[in-house]
Amino acid sequence: MARSDSVLGLIGNTPMVDVSALSPNPSARILLKLEGQNPGGSVKDRIALSMIETAEKDGTLSPGQTVLEPSSGNTGIGLAMVCRVKGYPLKIVLPENVSVERRQLLEIFGAEIIQSPGSEGSNGAVRMAQRLAEEHADWAFLYQYGNPANPRAHYEGTGPEIWRDCPDITHFVAGLGTSGTLMGVGRFLKEKRDSIQLWAVEPPAGEIVDGLRSLDDGYIPPIFIDSGGAELLDRKVIIRPLESIEWVRKLIDVGIFAGISTGACMAGAARCAEQVDDAVIVALSPDGGWKYLSTGAWTDPIDEVVERAKRIIYF
Amino acid sequence: MAVEIRLPTVLRQHAGGQASIKANGATLGEALQDLTRQFPLLKDQVITEDGTLHKFVNVYKNDEDVRYLDKLDTKVDDGDTISILPAVAGG
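Residues numbered from 1 in each chain as written. Chains lettered and ligands numbered in written order. Predicted model: local features only at pLDDT ≥ 70, side-chain atom pairs only at ≥ 80, totals over all residues. Heavy atoms only, no water.

Asks: Describe the side chain of lysine 33 of chain A, naming the residues involved and giving the relevant values.
Replies: Residues and elements named next belong to chain A. Mapped onto the elements, lysine 33 comes out in strand β2 (residues 28-34). Only 2.9 Å separates the side chain of lysine 33 from the side chain of threonine 14, close enough to count as a polar contact. Other than its neighbours up to four places away in sequence, lysine 33 contacts Thr14, Pro15, Met16, Arg46, Thr158, Glu161, Ile162, Ala283, Leu284 and Ser285. (Helix = DSSP H or I, 4+ residues; strand = E, 2+ residues; numbered from the N terminus. Polar contact = N/O pair within 3.5 Å; in protein donor to acceptor, adjacent residues only side chain to side chain. Contact = heavy atoms within 4.5 Å.)

So this is what it looks like as structure tokens:
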């Protein structure tokens, strides 16, 4: 849609681009879906709009009511944009170790940031938000990790767009955060053709988060469990910061300036391409590179960048 | 088969503070049994009483989650790296 009455009408319908020039296997094509083209700059615009509009419809969100959400960045930014347009005050519980640009964008859109300890990662932000939600029953707590409107945005939006633009898809590769993208897109694609393989990519987050007291502080998003995630996914691989940074640099060769989690996703797609022939792999790029300029990902010596990346949450 | 098992910070207290342990076995299950033979305190942390992987633990063979390979029956080879990591949130 080229013209819209509201910026919210520009969310979704993102383009897909063939990046097979970077594939390690000439018989495995790779296409990248550029979610950074959303108006708030990331894939999370989709779930921000979906969660807010669902809450408006079911009455859990009334005009002027305060919205609360834990986010390592992109969901917060998407919500900040949507809430600004719709007039809801927004509080984001943000781990202290995210890139400075994420914090700046939240501030630009007028969200209030509540800081959670970096050593506890996103788990700590989730716990703090849950506590705040109990203390403030008048706030609307959207809870992206357990909100069916999150995977539904992908089941009804991202999935059908991929099917429309790439009906010969054999593999879908995406990052695993809340699991909303993989659960929603994955279920849609498997219903269309159950031979389509789902590959989840994740950062070694469990190594970075060292503030856990015991394994029982671990966390599995309810939407992953409710969607039967363990049965839906076909493979799950860890991509380390070094490989992620190498791939955001390779993407520059085909003119794509993407965020660090896109590098991880491309690394996963390349690993997939090495193992299968006659494949059409669609990988999802969650955001553009803008929010990561301060990490020096493209310009500084790679070992320094990797050390920096180990200390921030970029998924 | 000798593999290297990497422990997360939260489990190292049960393994004399070590981050990395050598263990033997032809499958992941056997290697983990050898690990808990060396460090009995790790037993209930990784494998539950009914012999499955602890819910909040992800185990990777060379960075691939074994839940999507053959779980505890996943074959391991000399030099493989097994990483045990706590399940954490993204987003």
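Once the structure has been displayed, the description carries forward.
Asks: I'd like to hear about the packing of helix α1 (residues 44-58) of chain A against helix α5 (residues 149-165) of chain A, residue by residue, with values.
Replies: All names here are of chain A. Here α1 crosses α5 at 130°, and the two axes come no closer than 8 Å. Here α5 runs oblique to α1, going by the angle between their axes. Crossing hand, α1 versus α5: right-handed. Facing Arg46, Ile47, Ser50, Met51 and Thr54 of α1, the residues of α5 in contact are Ala149, Asn150, Arg152, Ala153, His154, Gly157, Thr158 and Glu161. Residue classes in the contact of α1 with α5 are distributed as four nonpolar, six polar and three charged. (Axes fitted to C-alpha atoms, helices over the stretch in contact; angles between N-to-C directions. Parallel < 35°, antiparallel > 145°, perpendicular 65-115°, else oblique. Left-handed = near helix turned anticlockwise from the far one by under 90°. Nonpolar A, V, L, I, M, F, W, Y, C, P; charged D, E, K, R; others polar.)

Asks: Could you give me a rundown of the domain arrangement of chain A, with the residues and numbers involved?
Replies: All names here are of chain A. Looking at the assigned domains, one finds that chain A contains domain 1 (7-37 + 158-311) and domain 2 (44-141). Its C-alpha centre places domain 1 at a distance of 23 Å from the equivalent point of domain 2. Across the boundary between the two partners, domain 1 contributes 25 residues, which contact 22 residues of domain 2. Together, the buried faces of domain 1 and domain 2 total about 1800 Å²; carbon and sulfur atoms form 55% of this surface. On the domain 1 side of the interface with domain 2, the three residues burying the most area are Leu8, Ile11 and Lys291, jointly 36% of the side's total. Linking domain 1 with domain 2 are two salt bridges. With its nearest N and O atoms 2.7 Å apart, the salt bridge here joins arginine 46 to glutamate 35. Partitioning the side of domain 1 that touches domain 2 into residue classes produces nine nonpolar, eight polar and eight charged. (Domains from an automatic or database assignment. Buried area = accessible area lost by both parts, 1.4 Å probe. Salt bridge = Lys/Arg side-chain N within 4 Å of Asp/Glu carboxyl O.)

Asks: Which residues make up the interface of chain A and chain B, and what values go with them?
Replies: In many analyses, interface size is given as the accessible surface area lost on bringing the parts together. Listed per partner, the contact involves 37 residues of chain A and 24 residues of chain B. Where chain A abuts chain B, roughly 2500 Å² becomes buried across the two surfaces, and 58% of that area is made up of carbon and sulfur atoms. Looking only at chain A, the three residues that lose the most surface to chain B are Leu215, Lys236 and Ile238 of chain A, adding up to 27% of its buried area. At the junction of chain A with chain B, the criterion picks out three salt bridges. Across the pair glutamate 64 of chain B and arginine 235 of chain A runs a salt bridge, and its minimum N-O distance is 2.5 Å. Where chain A meets chain B, there are seven residue pairs in polar contact (both at pLDDT 80 or more). Looking at which element gives the most residues to the side of chain A that touches chain B, the answer is strand β9 (residues 235-238) of chain A, with four residues.

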